[in-house]
Amino acid sequence: MQIGVEVIGGFRSAFRRGRGAQDGVFGRLRAKRMLAVLGVLVFFAVQPIYFSPSELAAALKSPRYWIALGLLKLVGGALGLGLARVATGETDVTGLRRDLDRRQAFWAIGFWVLALPAIKFILTLSEPEPLQRPAEVLRDADQVFLRISMAFALIVATPLCEEIAFRGLIQQGIRRVSGAGPAIFLTSLIFMVVHEPRSIWPAVFVLSLVLGRIYERTRSIWPGVLVHAVHNALVFVLIVRSD
């Protein structure tokens, strides 16, 4: 029971707005510890399916894998959001209820477009043929249902879940402890290591920096969800065209 009380109190310290100086050193340590716990929980929530390399190669060609992945990501995001809401007592922990302003949307897309050449260049350096493996997934498979299920997982479920988890929960929590810059950087490191293969890590890290900056500028997850969805849609279209 005491552990449960400490966990709830730690989450409140990590996310509470305007934390006063009376929290002191112990309050900061408790907040950081609870942020680490939240990060681990979110990691397992958004990465619910694990396979060996051989099993993964076969699973990627199954529409059921992509549908299950998309649904589990949505469930994981909802669980993380509910956990943070209960722990903090705030009704809008992530900025989910804030409307998508048209000017913010245009700014976010423009910022991503400016960063896209750098992301592409870094990706080319680390992965000379980044579309080769994904394109192989579409070969010798039921392409219609596979493409629909992939689009659902990559363009709908993944952007929403990951922006709630990484920008709305982890980045915002770290920001209230150590500031915006370290929050964007540390969140991008976490975002990077939960993506595979490792050859795309540098490009994923830069993309996360862009998404983190968008969240800090707009204080809403929706511009980041939009950019993340457009980015994944672009990758998906390139994969389909390269098949």
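Residues numbered from 1 in each chain as written. Predicted model: local features only at pLDDT ≥ 70, side-chain atom pairs only at ≥ 80, totals over all residues. Heavy atoms only, no water.

Enquirer: Could you give an account of the environment of Ala 108, with specific residues and numbers?
Expert: Examined against the element boundaries, Ala 108 turns out to sit in helix H5 (residues 102-126). Its relative accessible area of 0% is what places Ala 108 among the buried residues. Taking C-alpha positions, Ala 108 is 9.1 Å from Tyr 215, a pair spaced 107 residues apart along the chain. Contacts of Ala 108, omitting those with residues within four sequence positions, involve Ile 214, Pro 223 and Val 227. (Helix = DSSP H or I, 4+ residues; strand = E, 2+ residues; numbered from the N terminus. Buried < 20%, exposed > 50% of the residue type's maximum accessible area, 1.4 Å probe, protein only. Contact = heavy atoms within 4.5 Å.)

Enquirer: An account of the nonpolar core is needed here, citing residue identities and associated values.
Expert: In terms of nonpolar packing, the biggest core is built from eleven residues, these being Ala 108, Trp 112, Ala 115, Ile 119, Ala 203, Val 206, Leu 207, Val 210, Leu 211, Ile 214 and Val 227. Secondary-structure elements contributing two or more residues to this core are H5 and helix H9 (201-218). (Core = buried A, V, L, I, M, F, W, Y, C linked by side-chain atoms within 4.5 Å.)

Enquirer: Describe helix H10 (residues 222-242), with residues and values.
Expert: Helical periodicity: at 3.6 residues per turn, an α-helix aligns residues three or four positions apart in one direction. Along its 21 residues, H10 runs 30 Å from first to last C-alpha, staying within 8% of the 30 Å computed at 1.5 Å per residue. Among all positions in H10, only Pro 223, Gly 224, Val 225, Val 227, His 228, Ala 229, His 231, Asn 232, Phe 236 and Ile 239 are buried. (Expected span 1.5 Å × (residues − 1).)

Enquirer: How would you summarise the side chain of Glu 162 if you had to cite specific residues and measurements?
Expert: Take Glu 162: it is sitting in helix H7 (residues 143-178). According to the relative accessible area criterion, Glu 162 is buried, its value standing at 2%. Excluding anything up to four places from it in sequence, Glu 162 contacts Lys 73, Arg 167, Phe 191, His 195 and His 228.

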